[in-house]
Every structure is written in structure tokens, then in C-alpha cells.
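Residues per chain, in single letters:
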Amino acid sequence: MTFVILFHIISRRRWVRFGNTMSAEQLEQYNRRAEQAEEEIRQLHSTLQKLLSGSANSNDTDSEEVARLRAENQKLRYRVGILRRATEEEQAKSGGAHSKTGSTAMAGGAQCLFVALSELFSAAIRAAFPDMDEVATAVNSNSRFGDYQCNAALPIVKRLKDKGVKMSPRDVAQKIIDCVPSSPLVERLEVAGAGFINVFVNKTFAAEQLRLMIVGGVPAPTVPRRRVVIDYSSPNIAKEMHVGHLRSTIIGDSIARLLDFLGHDVLRINHLGDWGTQFGMLIAHLADKFPNFRTETPPITDLQAFYKESKKRFDEDEAFKKRAYDCVVRLQSYEEDIIKAWKLICAVSEREFEKIYERLNVHGLVPRGESFYQSRMQGVVQQLTEAGFLEEDDGRKIMFAPGCDLPLTVVKSDGGFTYDTSDMAALRQRIQEERADWLIYVVDAGQGAHLQSVFACARRAGWLDGGVRCDHVGFGVVLGEDKKKFKTRSGDTVRLVDLLDEGVRRAQEKLREKGRDQELTADELREAQENVAYGCIKYADLSHNRNHEYVFSFDKMLDDRGNTAAYLLYALTRIRSISRRAQLTPEQLLEAARAGTAIQLLHEKEWKLARVLLRFPEVVVRVTEDLFIHSLCDYLYELSTTFTEFYDNCYCVEKDRQTGEVVNVNMSRMLLCEATAQVMTRCFDILGIKTVQKM
Ligand code: ARG
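Criteria and cut-off values
- Residues numbered from 1 in each chain as written.
- Predicted model: local features only at pLDDT ≥ 70, side-chain atom pairs only at ≥ 80, totals over all residues.
- Heavy atoms only, no water.
- Near = heavy atom within 4 Å.
- Polar contact = N/O pair within 3.5 Å; in protein donor to acceptor, adjacent residues only side chain to side chain.
- Areas by Shrake-Rupley, 256 points an atom, 1.4 Å probe, with all protein chains shown as cover.
- Nonpolar A, V, L, I, M, F, W, Y, C, P; charged D, E, K, R; others polar.
- Helix = DSSP H or I, 4+ residues; strand = E, 2+ residues; numbered from the N terminus.
- Buried < 20%, exposed > 50% of the residue type's maximum accessible area, 1.4 Å probe, protein only.
- Contact = heavy atoms within 4.5 Å.
- Pairing = 2+ DSSP bridges.
- Axes fitted to C-alpha atoms, helices over the stretch in contact; angles between N-to-C directions.

Asks: Please clarify how the site of the ligand should be interpreted in this entry.
Replies: Near the ligand the following residues occur: Asp231, Ser234, Asn236, His245, His271, Tyr419, Asp423, Tyr441, Val443 and Gln447. Within the side chain of His245, a nitrogen or oxygen atom sits 2.9 Å from an oxygen atom of the ligand. One of the side-chain nitrogen or oxygen atoms of Asp423 is found 2.8 Å away from a nitrogen atom of the ligand. Burial of the ligand by the protein amounts to 90% of the accessible area it has alone, namely 350 Å². Class assignment for the residues of the shell around the ligand results in three nonpolar, five polar and two charged.

As C-alpha cells, then:
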């Protein structure tokens, strides 16, 4: 009887076709059939189990029957695997719609191994233990024994025990293994220790993934697309950007790049501090110093000095102070001339910021300061008042929310608005007008309480309903080499421009020390010193856990040993030079991969490198969960050291010792070099670090 069902199911699978684009209905139908088939497997499995439990004292024909059923079961699972993949590939092609299981396949390209394996195990656990929904089925790659490991058995044992069923972890693990759909990804599975399942990845499959990676580019794992608004950098007009803003700029930009890579719809907002009482004195000073400002653009070059001058007058001159206050009132009532003066000051500042962004390779940041929300704040206050959320407190209007320790001050006692009010208005604008479903704020940890209150009050107001994700990406302070707050010798805050200049100077020194000025052209040298300097500054920041403070040290970040950009950029140029030595152009390598040149993973170090390369999508997915970019840096460093191990052990290019002529090129290994270079380049790109051709 079982046999009949089996044939029936298998023969029905004939309609699996690749390459044809299906309609939505067809997709649906495919999905349904795959589910049906899985259900049939489940039933089959329980038949099998019954037979097995009775087979202890059964005769030979029974065990033959069991063996045959097992084999059939295996085949059937393989078919279901193909069916699922075909469906998902079609879905990816038809515009990235996502399957219920989360897509594992990239359109005709490489797969995210981690997701694909996790799905195999969740299918297996569903089949083996149908009512164990909430058990985490994700595999992990820090297995010491297999390539991946699934640790779901122990929690399942616990659940079973709660239900009064006794089963050993090893038996649970075996039962899961029996239900793992057969898959080209998996070489073999084994139960180890206290019920861990070690997964050995199929090398042919892995090699093919690497080849596809070279042909089609490093794959981004498919994730549901979100509309993200990310608020970062956000310095204050007329004030110098300080290292805190540098951190926000570097971290924020990297997260934005990561989300872009994953295909999200990302809006980068520069929440400039461009409104407030400090503008009164600036405008009053401007009007005194450049009375023709309405018709002639004032030649302000040093806004910092301008700020200091006006502050001095403000503190010393009563009449000036009065005028400054008067200007604030006129600014807030949008008086034309005053607005003009305000705009002039903002423009000077923004030009300065722009220079820094240009040097740091930060693009696409939309300037949208606090002033933008002025008109919207009124509406927010009205809504919160009508909903009865505001409480009187000493003339102020404040708002509490569950889970926030500090109330927000929404209206001051003089009727004015605050930083809290503008952040509430900005949050609502981002959700309602920008249609964001994910808000990220890259702001120093010192503002954590403020942002938590903003999120909590927004939640209370119902603005976050419908699954809006809010993240405060906080970060610690930057310390000087004396482990104290980063300051100049004279105790002033360090100006970013000076910091970047010094970085370039130091990088230049380093390159000269190594005699690179003799080998590189003037252009190459300039490119190298700039990219190394900015790359090192960024990497030093990004490679530390952002919640920790870190010591800013040029000596450390420019050291070309250890986990620094200097080391990693150098490692990449070395890999690139291997193909140059083999006299292969990038096009030739691509052609070789296209033509199907096999990548052999026979040597232990080749396999080790391949596994690290294939972990890239998994690392990227994890980073989007916790927004800790340093994990990506750790990965990049691991990739680079693993590559060195491979290169030290495996010949790629052999040259004749006497003539220096290339006598043998191992194409498979050249492709491994190429895949490594591509993944490293992709990492640098996400980190916002420009690579160099030579250094
Ligand atoms: N301008 C602020 C500062 O320098 C940072 C603004 C951060 N963003 C925000 N939406 N509050 O501290």
C-alpha cells in the first residue's frame, strides 16, 4: 500500500521544470503541492516508524521492506527539495517575492548556505516532531567537528519531557536526521556527543557556489524589503563637527551601505541642529559685520571663529544680547531678512560638512534639520493633547509612557518646543510621510534615554503600530592615547579636518618609510595615502564593538600587522597581484569561471577557505539583526588570515627559478583567489572603505 502511494507521489513530480517563468497561480500551486508532498512524507515517516518499532523481533522480509521504504522516502524528499528550490528560484526571478519559508535561492545564482541548511532542518523537525513549532532550528557555523551544527535536539528533549515523553537526545537527533530532506547541499550528517547534529557540506556543491559567486557577484541573501530611514551624522550648524559626529557618520554610513546591499529602500537623513537660540547671536553678529548680507554673500570662511566672536559679544555686551534675543523671535516668526541670514549661515556650515563627507566617501545623506519639523510640531502637540497624553508639570507639558524612565518635555513653560518635540515630529514624519517601517538612529550612547523615551511615547501614541522597527544604534566615546576624552593638547575639541589631515600625513610617512614612493606613480601614491588614511580611521572605529569606548591611535590603526585596514588593504593588493603574476586579467578569470572551470577543494586549506567564503551571507544577515558592524570586520579579518594559510600551503603560480617564467598556473586556485578578492572587496564596500590597486 505504502509502495503505491510512493510511486504515485514520485511520478507526479515529473512536472518540475526549470527555467520557465511561472505565473503567480502556478507558483501558489507548486507551493501547495510541495506542502502536500511534505505531508505525505510525514505520514510515510510514521508508517516507517511503526514498522521499525515492530521490527525488533521481525523477520528478514520486514527489514527488507523497511530498507526499501527508507530508500523511497529518501528519494521522495530529494524530489521535494528540488520542487521547493524550483519554486523559490522562480519567485526570485519574478521580482523577489518571498516564499513562506524565506527564500534560499538567489535568482540563478549562489545560495545562502546557512539559510538553506536551516530550512532543511526546520523541515526535518516539522516532519519528525510536528508540534515543536518554536524550537530554534537555525544551524550554526562555529562547529568544531562538522561544517555546521544543528543543536535542536536538546530543547526538543526538554519539551518532550514536559509532555511526559522520554527520549534520549541522541535518539531525537537521529530522528531529525532521518527526516532531513535529501539535498545536494549535504554530504553527510552525524550525531555527535549529547545529541548534536554535525553537518558536512557537499564539496561539489560548495565549489559550484563559489564559481557562481565569481560569475554573478557576491550574493546578497534575500530578505523581505523594508523602507528604512536612517538618521546619522547629524552635526550642529555653526559648530564644529566633533569625533562623536565622526563615529555617527562612519557607523551610520556603513549600516546604510549594508542595507542598500540587501536591497532595502534606504533614506539617509542628516538631522542637522539648525534651529535654536544660538542663531539669535549669530544673525545679530552677521547683520553688524556684513550689513549688505541681503545682496552680497558674506565671505565667512571660518564659521568657528565667527561663532566665537558672536558668543564673546553675547556674553559681554548687554545691548547685543538684547538684539540677539530679538533675532530669535524674528527668526521664529519667519521674518524674511532674518530667514535669509539664517540660510546663509546654514549654507556656510553645510559646505564645511560636505567637504568632510566627500573625503570620507559618504554620499546620499539628505540634509533635513530640526527646522524642517517646525510646522509639524504644532500638529504633534495637538494630536497628543487631544488624545490626553500630555500632563501639566510646573507649567510644562510632559508625556510619560510605559518603559520610559524620563518623561518627554513636549511643550516648555514659555510655550516653546524642545529637542524632544522635534524628535517626536521627526519620528511621526518618517513613518507617516516617508512610509518607513524601520527607523534607525545612529546617535551617541549619551542620548540613549532620550531616544528610548521618544520610542516609548511614539508607541503609546500608536505610531509604531503595524510592526515598525526602531533601533537606537548607540556608541561609546572616543578616547585619546592617555585614555582620557579625546582632546587636543590645549584641551580643545579635535577638529575633524585636522584629524583627517594628520591621518593623510601619517599614511604618507608610512608609505615612504617602506619605499613605496619609489615604486608608485604620483597618482597611485596619492590614492594610496588617502585611501589608507581614511580607511584606517574608519576601520579602527568600525572594528570595535560600538558600545565600547575606544582609544584613537594613529600608530595602531596604521600598523600593517593585526586587525587594521592597513593590513587588510595590503592583503587585498597581494591577492590581486597573484593573478597579475600569473598573467591573467580579471576578464580571463571571469571567462574561466563562466566556462565552468571546476574549483577543486581537495586540500584541507582550500576547503577551509571555501567554507569561510560561503559564510559571508550568513554574517551579513546576523549584522542586520544586531547592527554590530564589528562582526563584519572580524569576518573580513578571519577571511584574510584564512587566505594566508591557504596561500602558504597551496601553490597557485609556479615560476621557473632561473628564468622567472610562469611554468604552471593552477586555475582552480586562481579562482579561489578571485572569489576571496571579491568577497573582501564587497566587505570593504559595505564598510565604506575604498580599496587600492597598489600600496
Ligand atoms: N544634532 C544632535 C547632536 O549633535 C544629534 C541628532 C541626532 N538625531 C536625532 N534625531 N536626535 O547631538
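Asks: How should the environment of Ile599 be read in this particular structure?
Replies: By the element assignment, Ile599 lies in the loop between α21 (586-594) and α22 (604-614). Taking relative accessible area as the criterion, Ile599 reaches 8% and is therefore assigned buried. Through-space distance from the C-alpha of Ile599 to that of Leu672 is 7.3 Å; in sequence the pair is 73 residues apart. Beyond its immediate stretch of four places on either side in the chain, Ile599 contacts Ala207, Leu210, Arg211, Ile214, Ser668, Leu671 and Leu672.

Asks: Mind showing me how you'd approach the environment of Asp482 here?
Replies: Along the polypeptide, Asp482 turns up in the loop between β12 (478-479) and α16 (496-513). For the pair Asp482 and Val551, spaced 69 residues apart in sequence, the C-alpha to C-alpha distance is 8.4 Å. From its side chain, Asp482 meets the backbone nitrogen of Lys484 in a polar contact 3.0 Å long.

Asks: Looking at this structure, I do not really get the sheet that holds strand β8 (residues 396-399). What am I missing?
Replies: Consider a sheet: its strands pair through backbone hydrogen bonds, and that pairing is either parallel or antiparallel. Spatially, three strands are ordered β7-β8-β9 in an open sheet, and the strand pairing comes out antiparallel. Each of the sheet's edge strands pairs with one partner strand only, and the pair in question is β7 (390-393) and β9 (408-411). Each strand of the sheet is rotated relative to its neighbour by a mean of 45°, with strand direction disregarded. As judged from the four bridges shared by β7 and β8, these two strands associate in the antiparallel manner. Residue Glu391 lies in a different strand from β8, and its bridge partner there is Ile398. Lying over the sheet, helix α15 (residues 448-460) contacts β8 and β9, oriented at roughly 65° with respect to β9.

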